[in-house]
Amino acid sequence: MSRTPEPHPATASADETMLAVENLQTVFHTDKETVRAVEGITFEVREGETVGIVGESGSGKSVTARSIMGLVDAPGRIGDDSSIEFRGRELTGMTENEYREVRGSGIAMVFQDPLTSLNPVYTVGNQIKETLRVHQGIRGDAADEAAIDLLESVSIPDARRRLDEYPHQFSGGMRQRVVIAMALACDPELLICDEPTTALDVTIQAQILELLQELQEERNLSIIFITHDMGVIAEISDWVNVMYAGEIAESGPVGEIFENPAHPYTEGLLKSIPGRFPDETYLRTIDGDVPTPTESPTDCRFHPRCPKKFDACEEVHPAPVDVESGRGGHQAACLLYPDGLTREAAVKEHERQMEDSDTEADDE
Amino acid sequence: MAKWNYFLRRLLLSIPVLILGTTVAFLIIRAGPIDPAAAILGPSGDPTEYEQLRESLGLNDPLWDQYLDYMWNLFTFNLGQSWVISPGDGAYELIASYAPRTLWLGFWSILIPLFIGIPLGFYAGLNPNTLSDYFASFGGIVWRAMPNFWLAIILVSVLSQSEKLFGFEWATFLVETNIVTPPPLGFLGDPLSLITAPGETWPVVLGATKQILPAALVLGSASMGNEMRIGRTAVLETVNSKYVETARAKGMSRRNIVWKHIFRNAMIPLVPVITGEAFLLIGGSVLVEVVFGINGIGYLFFQSAIQGDLPLVSSLLFVFILTLVVLNIIQDLLYTVLDPRVGFEDQ
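Residues numbered from 1 in each chain as written. Chains lettered and ligands numbered in written order. Predicted model: local features only at pLDDT ≥ 70, side-chain atom pairs only at ≥ 80, totals over all residues.

Asker: Quick question: what am I supposed to make of the overall build of chain A here?
Answerer: Within chain A, the regular secondary structure consists of eleven helices and 13 strands. For a compact globule of 364 residues, the expected C-alpha radius of gyration is about 21 Å, and chain A comes in at 21 Å, within 12% of that figure. Structurally, chain A occupies a C-alpha span of about 70 × 55 × 45 Å along its principal axes. Here chain A holds 364 residues, and 44% of them are scored as buried. Across chain A, every contact between residues at least 6 apart in sequence was considered, and the portion connecting residues at least 24 apart equals 64%. (Helix = DSSP H or I, 4+ residues; strand = E, 2+ residues; numbered from the N terminus. Rg over C-alpha atoms; globule rule 2.2 N^0.38 Å. Buried ≥ 20, exposed ≤ 12 C-beta atoms within 10 Å, placed from the backbone. Contact = placed C-beta atoms within 7 Å.)

Asker: Help me understand unusual backbone geometry in this model?
Answerer: With the exception of glycine, most residues fall at negative phi, and the peptide bonds are largely trans. Here the amide bond leading from A:Tyr337 into A:Pro338 is cis, since omega sits at 5°, within 30 degrees of zero. Looking at the secondary structure, you find A:Pro338 in the loop between β13 (331-332) and α11 (343-363). Not every positive phi belongs to a glycine, and A:Asp187 is a case in point at roughly 55°. Mapped onto the elements, A:Asp187 comes out in the loop between α6 (172-184) and β8 (190-194). Judged by the 20 C-beta atoms lying within 10 Å of it, A:Asp187 falls in the buried class. At B:Asn129, a position not held by glycine, the phi torsion is positive, near 60°.

Asker: Help me out: how do you make sense of the UniProt feature "transmembrane region" (unreviewed entry) in chain B in this one?
Answerer: Residue and element names in this part refer to chain B. Using the residue numbers shown here, the UniProt feature "transmembrane region" (unreviewed entry) corresponds to residues 6-29, 103-122, 134-159, 280-302 and 309-330. Secondary structure across residues 6-29 comprises 100% helix and 0% strand; the distance between its end C-alpha atoms is 35 Å. As annotated, residues 134-159 comprises 92% helix and 0% strand, and the C-alpha atoms at either end are separated by 29 Å. (UniProt positions renumbered as here; feature names shortened; annotations may be inferred.)

Asker: Honestly, the domain arrangement of chain B in this entry has me stumped. Any pointers?
Answerer: Where interface size is quoted, it is often the accessible area lost as the parts come together. All names here are of chain B. By domain assignment, chain B separates into domain 1 (1-84 + 314-347) and domain 2 (94-306). Each of domain 1 and domain 2 has a C-alpha centre, and these two points are 29 Å apart. Listed per partner, the contact involves 13 residues of domain 1 and 16 residues of domain 2. (Domains from an automatic or database assignment.)

Asker: Help me out: how do you make sense of the domain arrangement of chain A in this one?
Answerer: Here chain A is described as being made up of domain 1 (114-185) and domain 2 (266-271 + 279-363). Each of domain 1 of chain A and domain 2 of chain A has a C-alpha centre, and these two points are 45 Å apart.

Asker: Help me out: how do you make sense of the packing of helix α16 (residues 297-306) of chain B against helix α17 (residues 310-338) of chain B in this one?
Answerer: How two helices pack is summed up by the angle between their axes together with the distance between the axes. Residue and element names in this part refer to chain B. With their axes 8 Å apart at the nearest point, α16 and α17 run at an angle of 140° to one another. Considered as vectors, α16 and α17 are oriented oblique to each other. By crossing handedness, the relation of α16 to α17 is classed as left-handed. Counted together, Ile297, Leu300, Phe301, Ser304 and Ala305 of α16 and Leu312, Val313 and Leu316 of α17 form the full contact between these two elements. Looking at the contact of α16 with α17 residue by residue, the classes come out as seven nonpolar, one polar and no charged. (Axes fitted to C-alpha atoms, helices over the stretch in contact; angles between N-to-C directions. Parallel < 35°, antiparallel > 145°, perpendicular 65-115°, else oblique. Left-handed = near helix turned anticlockwise from the far one by under 90°. Nonpolar A, V, L, I, M, F, W, Y, C, P; charged D, E, K, R; others polar.)

Asker: Help me understand the interface of chain B and chain A, please; the structure alone is not making it clear to me.
Answerer: At the junction of the two partners, chain B supplies 19 residues and chain A supplies 25 residues. Residue composition of the side of chain B that touches chain A, grouped by class: six nonpolar, six polar and seven charged.

Dropping the structure here:
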């Protein structure tokens, strides 16, 4: 079970792809219905990069994270055509034991609620040291020292004493630091943070974000940061994926997304950031709720709430296309794009792309 | 340490509970229709003799005096003598001769649910909605639903006809025993004989165990069902908790997660169930003792109550109350050991 820590390959260039998610589908089969929580999303994470995933509750963000970690249990299933490749290793279809090696040592996860993600009946030191033991084979006094180092690296004062304290003796922010320290105890290369600041108040939020950025620099971590808070995304991420109803609605470099949002959904999200329009009495919102997708999409899932919808939106499922033709990176799954084409031509382009991907899937 | 403060406070709180409990017991006994003088003399008693007896037993003293006497005697552990059941014998001797059988019965009827009910419940909780879970859960409900008095009688009649029904004779199985008699418990008084004379003593232990098992199974049946159901729920709740997901995300093995992270947390809600039932077994064993012919303390209590043996009834009640308080203290101790959060809120 023990595994010597691998040093991060020094030769890895900054542009190297660490994690590639392709056509990820996660479906929950229950007696009543089939919920297609994640519907064919594709994105990648590069060395040392922070990728933000943003969206409303129920848009499939957390399921995406759990799918990558292999934590989706029955009745949930990952589709057969899905591929999750981490450092060239295919993760889908791995056995629980193979996955255990990836979890923690390759990819670690920080969960939303620090109050409940620590076991209440064991000391903080115990829980950090068990991680060290499993992944790095460190025991005894060496484990104590390593755990103290970890707690100090997440700026917990008086770490030696706090090692023997129980989770309930820590405040919320301190607990989240402990959870992060525990994730770091695995010496991961990729850290998935599932709404790590949502349960914390704003000042603590800022501290945790700062801590994550420091750790990223020190350890050359890649981070997937999941949140519904556009402000947090703007602060921390290099690349943003906007998710809606299990699909990626728009993706691009953080600056592009915030300055030139393409998808009407992203626009709506940006407009609903509090304080964006100080003169208005009420906060702008997007009317309606995220639908629970139960079938494969044949239309644009956002069309019932979209201010810019037109007839084709109900009939054609948009494919992710470059926002401005010829300029890579910034993509939106919306029939209004690519920008250069007329509306009819754009719709045709989407139809063609969807057919292509369908036949591709059939060929496999 | 906050938790030990908490425990000390619970320890001190048990004193008023003890006093209140014995007081209520006194009121119930004295205010009830029990007339010990009539019970001693029998129906043909002479009225003057009856009055004399009442006077000499102190029954004509003011109730207040009787109460103080009673409390003082109990709390100095001066339990007095039996008046009716076995006149002249001390309550201590009677308890000492009856209690081992009940303790032996109670011991097994706590042990059986503990080692069958809880593992079954945990197994069902770890494999929810599988065939074995349904089987265990349904079995738990059925087992729990069968009343003691009915189950006891059925078991006695099935065991005494086991040869006709199943083709093997329970009475001669392993060691020869009776189905309905008190088990031989001489070895409890001389535990060293288990080592010094193993050849003679162990068969007796085996016989005593075999004889008590059907009764223990009946007495423990409800607890077994309870512990199974609650164990299942507790495990299910823990399995779906965030810290178990965190442990999985850290790459812990399933064995580590089950035995370290789930087991201890799932035990916490089971503690009051186990200790609560431990007392029920002692108080509720009268029926089972009668059916299986085990002359235990439950049987003694029942007899002394209907025969108006006042000192024996109150002594036994005192012993029961004391047992309850001690069990509660054990429960608090277990909580304090299992759950580090105990006593934290009061800080």
